[in-house]
Amino acid sequence: HGDDILDFTHTARACAEKKDWDRALRYWRRAIELEPENADHYYRAGDAAIDMGQYDMAITFLEDGLQLAGGEGGLDFEFQLGRAACLAQ
């Protein structure tokens, strides 16, 4: 389980660096399935979804992550939510 999380998150980050948003999102989703309490996974999935132009999906990930984070963790969920909402229009 722990090694799988590391593999998925590492691969997701590598895909995002290469701007392979579809694969990055697929790996972030898998990380969320294995570790649903980790707000960072939702943040990263939301970011990838924004880059893919999937704004409604991004908002869902980001809202779920914001609720999990409870204002802690140093991730700017509000900014990303605003970004996704503006781009969705």
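From a predicted model like this one, the values you see are computed outputs, not experimental measurements.

Asks: Could you clarify how one ought to interpret the nonpolar core in this entry?
Replies: A general tendency of soluble globular proteins is for nonpolar side chains to be buried together. Counting 14 residues, the largest nonpolar core has Leu-25, Trp-28, Ile-32, Ala-45 and Phe-61 as its most contacted members. Put simply, the parts of the chain that give this core at least two residues each are α1 (2-17), α2 (21-34) and α3 (39-52). Top contributing element to this core by residue count: α2, with six residues. The contact partners of Leu-25, leaving out residues within four places of it in the chain, are Ala-45, Ala-48, Met-52, Met-57 and Phe-61. Residues Ala-49, Ala-58, Ile-59 and Ala-69 belong to the second largest nonpolar core, which totals 11 residues.

Asks: It is not clear to me how unusual backbone geometry should be interpreted in this structure. Could you clarify?
Replies: Across the chain, the bulk of peptide bonds are trans and the bulk of non-glycine residues have phi less than zero. Phi angles above zero are rare outside glycine, and Lys-19 is one such case at about 60°. In this structure, Lys-19 sits in the loop between α1 and α2. Lys-19 gets classed as exposed once you look at its relative accessible area, which sits at 60%.

Asks: Honestly, the environment of Ala-16 in this entry has me stumped. Any pointers?
Replies: Among the structural elements, Ala-16 can be located in helix α1. In sequence terms Ala-16 and Ala-45 are 29 residues apart; their C-alpha atoms lie 10 Å from each other.

Asks: In this structure, what is going on with helix α4 (residues 55-69)? I would like to understand it.
Replies: An α-helical turn contains 3.6 residues, so a residue and the one three or four places further along point in the same direction. Here α4 spans 20 Å end to end across 15 residues, near enough to the 21 Å set by a 1.5 Å rise per residue. Considered for burial, the residues of α4 that qualify are Ala-58, Ile-59, Phe-61, Leu-62, Gly-65 and Ala-69. Relative to the axis of α4, the buried residues are bounded by an arc of 165° and lie together on one face. The outward face of α4, more than 90 degrees from its buried face, is lined by the exposed residues Asp-56 and Gln-67. Structurally, α4 contributes buried residues whose contacts are with α2, α3 and α5 (77-88).

Reading the values: rules and limits
Residues numbered from 1 in each chain as written. Predicted model: local features only at pLDDT ≥ 70, side-chain atom pairs only at ≥ 80, totals over all residues. Heavy atoms only, no water. Core = buried A, V, L, I, M, F, W, Y, C linked by side-chain atoms within 4.5 Å. Buried < 20%, exposed > 50% of the residue type's maximum accessible area, 1.4 Å probe, protein only. Helix = DSSP H or I, 4+ residues; strand = E, 2+ residues; numbered from the N terminus. Contact = heavy atoms within 4.5 Å. Expected span 1.5 Å × (residues − 1). Arc of directions from axis to C-beta.

By themselves these figures say nothing about function.
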